[in-house]
Amino acid sequence: MNPIRIEKSTQLKPKPEQQSLGFGKHFTDHMFLMDYSSDEGWHDARIVPYGPLELDPASMVFHYGQAVFEGLKAYRSVDEQILLFRPDKNAQRINHSSTRISIPPIDEAFFVEALQTLIRVEADWIPSMEGTSLYIRPFIIATEAALGVRSSDHYLFAIILSPGGAYYEEGLKPIRIFVDNHYVRAVQGGTGHAKTPGNYASSLKGQMEAKEQHNCSQVLWLDGIERTYIEEVGSMNVFFKINGEVITPELNGSILEGITRNSVIHLLREWGIHVSERKISIDEIMRASDDGLLEEVFGTGTAAVISPVGGLFWNNRDIVINEGITGACSQKLYDTLTGIQYGKVQDKWGWTVKC
Ligand SMILES: *Cc1c(COP(=O)(O)O)cnc(C)c1O
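For clarity, every value in this text was computed on a predicted model and none was experimentally measured. (Residues numbered from 1 in each chain as written. Predicted model: local features only at pLDDT ≥ 70, side-chain atom pairs only at ≥ 80, totals over all residues. Heavy atoms only, no water.)

Scanning the protein from terminus to terminus reveals seven helices and 18 strands. In terms of C-alpha radius of gyration, the protein reaches 21 Å, essentially the compact-globule figure of 20 Å for 355 residues. In terms of principal-axis extent, the alpha carbons of the protein reach across some 60 × 50 × 35 Å. Counting over 355 residues, the protein shows a buried share of 54%. Taking as baseline every contact in the protein between residues at least 6 positions apart, the subset at least 24 positions apart corresponds to 70%. A total accessible area of about 16000 Å² is found for the protein, and carbon and sulfur atoms account for 49% of it. Of note, the protein has its 33 positive side-chain charges centred 2 Å away from the centre of its 45 negative side-chain charges. (Helix = DSSP H or I, 4+ residues; strand = E, 2+ residues; numbered from the N terminus. Rg over C-alpha atoms; globule rule 2.2 N^0.38 Å. Buried < 20%, exposed > 50% of the residue type's maximum accessible area, 1.4 Å probe, protein only. Contact = heavy atoms within 4.5 Å. Areas by Shrake-Rupley, 256 points an atom, 1.4 Å probe, with all protein chains shown as cover. Lys, Arg positive; Asp, Glu negative; His and termini not counted. Charge placed at Lys NZ, Arg CZ, Asp CG, Glu CD.)

Here is the structure:
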């Protein structure tokens, strides 16, 4: 792989206030770009001033949606290092997604090196206030100008960075979720296991209706065929603690394989908690709730890390979980994972990578 050329911006932007960063609203001074052509492969890796991309209106991504992305964060650790959390997993996953969407793979070690190089250039943008981080968004789009339906011969790989505020400002806050019987997110054989924009596009309407009609902040997606088995919650993986056991839907081809999901399973097993990856139906959840055995429900993903679920709304039934407060298991997972990410908990798992 060719070296990364760096062209520094001459006009640096003022940094936003750390108290009001929000999510995905501010972007740093530089971005990473690399092109692909079927003749040359991936080439011209470069870090350049952040700015608009110039694309032909016939670029295939606009018409047939060939695109994949990733999401991870850089954390300023308590001892002033810059840490990434399992970036090798994001490298593997972007290639897994690309394979499904017919996009050529990127060398995984180079993917991590590209992240690290860009972050080092933008180190001043990593906020330091408690709970803040620098969100990293790598993505690939099809750029060949052609309207024939086939996979593109040209692609652009880009990485952009966005300083983000603390997800929870006052501790974990349980959310109420709507179990959708109508819309589905993905089906087996489709693209649910790939991190691709189309999955998000198709989930927006259900999310919006859950909010407007049922005052629920997220949707719990059921399987696309029987509308019976649990898949994911919003854009997070989901876990249920029932009578001491933790259950999460198995990776069946329509569920995204979360890195937080993988880390949570690992930690729970280490703590001696039994974790099952299997099919779990909405009826089983309702029965567990009726029997007083549904102890905790939580979502997992890079953005929130752990998102406790305090209530479920399904077929006009409104159930409350753990009296609507954060469970002990959810809290311990959150504290441990964020502890590792910010260098407060010694990383005996080898999950953090320095920049
Ligand atoms: C990214 C994503 C997740 C969470 O993955 P993490 O690697 O834990 O951030 C879960 N579900 C969907 C649909 C996603 O796109």
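There's more to say after this.
Moving on to the site of the ligand. Near the ligand there are 14 residues, and of these K195, Y200, E232, T260 and T302 occur at the shortest range. S235 is positioned with one of its backbone polar atoms (N or O) 3.3 Å from a nitrogen atom of the ligand. One nitrogen or oxygen atom from the main chain of I259 is found 2.8 Å from an oxygen atom belonging to the ligand. Relative to its unbound accessible surface of 380 Å², the ligand loses 96% to contact with the protein. Using a 2 Å cut-off from the grid points, one finds that the ligand occupies the largest pocket. Partitioning the shell around the ligand into residue classes produces four nonpolar, six polar and four charged. (Near = heavy atom within 4 Å. Polar contact = N/O pair within 3.5 Å; in protein donor to acceptor, adjacent residues only side chain to side chain. 1 Å grid on protein atoms, 1.4 Å probe; cavity = no way out; pocket = protein on both sides within 12 Å on 5 of 7 lines; lining within 4 Å. Sits in = over half its atoms within 2 Å of the grid points. Nonpolar A, V, L, I, M, F, W, Y, C, P; charged D, E, K, R; others polar.)

On to the nonpolar core. If you look at the biggest cluster of nonpolar residues, it comprises 49 residues, and the most contacted ones within it are F32, I119, I136, I140, F157 and I159. What I136 contacts, discounting residues up to four positions off in sequence, is E70, G71, L72, K73, A74, L84, L115, I119, I159, I160 and L161. Of all hydrophobic cores here, the second largest spans 24 residues; its members include V238, I280, L312 and I319. (Core = buried A, V, L, I, M, F, W, Y, C linked by side-chain atoms within 4.5 Å.)

Attention shifts here to a nonpolar patch on the surface. Nonpolar side chains collect at one region of the surface, where Y64, L147 and V149 lie side by side and expose about 330 Å² of accessible area between them. With respect to the element layout, V149 can be found in the loop between strand 7 (133–142) and strand 8 (154–164). A relative accessible area of 69% places V149 in the exposed class. (Patch = residues over 30% accessible without salt bridge, like charges linked within 9 Å, V, L, I, M, F, W, Y side chains within 5 Å. Salt bridge = Lys/Arg side-chain N within 4 Å of Asp/Glu carboxyl O.)

Attention shifts here to helix 7 (residues 328–341). In an α-helix there are 3.6 residues to a turn, and that puts residues three or four apart on one side. In this model, helix 7 (14 residues) spans 20 Å end to end at C-alpha, consistent with the 20 Å of a helix rising 1.5 Å per residue. The buried fraction of helix 7 amounts to 10 of the 14 residues, a majority that puts the element mostly inside the structure. Those residues of helix 7 not exposed but buried are C329, S330, L333, Y334, T336, L337, T338, G339, I340 and Q341. Just downstream of helix 7, G343 is the residue with a positive phi angle, here 70°. (Expected span 1.5 Å × (residues − 1).)

For the rest of this paragraph, the subject is empty space enclosed by the protein. Over the atoms, a rolled probe matching the size of one water molecule traces out where space is still vacant. Within this structure, the stated rule accounts for two cavities of 30 Å³ or more. Counted as a void, the largest cavity has a volume near 110 Å³. In this structure, the largest cavity is lined by 14 residues; those nearest its centre are Y75, F85, T260, T302 and Q341. Mapped by element, the contributors of at least two residues to the lining of the largest cavity are strand 5 (72–76), helix 5 (259–270) and helix 7. The residue makeup of the lining of the largest cavity, split by class, is six nonpolar, seven polar and one charged. Viewed by domain, the lining of the largest cavity spans two of them, domain 1 (5–164) and domain 2 (175–341), each represented by three or more residues. Considering only enclosed or pocket space, the second largest cavity measures out at about 50 Å³ in volume. If you trace the second largest cavity, you find it lined by E295, E296, V297, P308, V309, I321, N322, I325, G327 and S330. Elements with a contribution of two residues or more to the lining of the second largest cavity: strand 15 (294–301) and strand 16 (305–314). At three residues, the largest contribution of residues to the lining of the second largest cavity is made by strand 15. A class-by-class count of the residues in the lining of the second largest cavity yields five nonpolar, three polar and two charged. (Points joined across faces, edges and corners; volume = space filled by probe spheres on them. Domains from an automatic or database assignment.)

Moving on, we come to helix 3 (residues 108–121). Under the 1.5 Å per step criterion, the end-to-end length of helix 3 is 20 Å for 14 residues, consistent within 8% with the ideal 20 Å. A side-chain oxygen of the first residue of helix 3 lies 3.2 Å from the backbone nitrogen of A109; this N-cap is D107.

The next subject is the domain arrangement of the protein. For the protein, the assigned domains are domain 1 (5–164) and domain 2 (175–341). Listed by partner, the interface residues are 19 residues for domain 1 and 20 residues for domain 2. Roughly 1800 Å² of surface becomes buried between domain 1 and domain 2 when both sides are summed, with 60% attributable to carbon and sulfur atoms. When the area that domain 1 buries against domain 2 is broken down by residue, the three leading residues are F69, F85 and R93, summing to 35%. The interface formed by domain 1 and domain 2 includes zero salt bridges. Where domain 1 packs against domain 2, one counts 12 residue pairs in polar contact (both at pLDDT 80 or more). Within the residue set of the side of domain 1 that touches domain 2, elements represented by two or more residues are strand 4 (67–69), strand 5, strand 6 (82–85) and helix 2 (87–101). The element that contributes the greatest number of residues to the side of domain 1 that touches domain 2 is helix 2, accounting for seven residues. (Buried area = accessible area lost by both parts, 1.4 Å probe.)

Next up on the list: the UniProt feature "modified residue: N6-(pyridoxal phosphate)lysine" (unreviewed entry) in the protein. Per the UniProt record, "modified residue: N6-(pyridoxal phosphate)lysine" (unreviewed entry) is found at K195. Note that K195 resides in the loop between strand 9 (175–180) and helix 4 (197–214). When sequence neighbours within four positions are dropped, the list of residues in contact with K195 reads V68, F69, E70, G71, R93, S97, Y200 and L256. (UniProt positions renumbered as here; feature names shortened; annotations may be inferred.)

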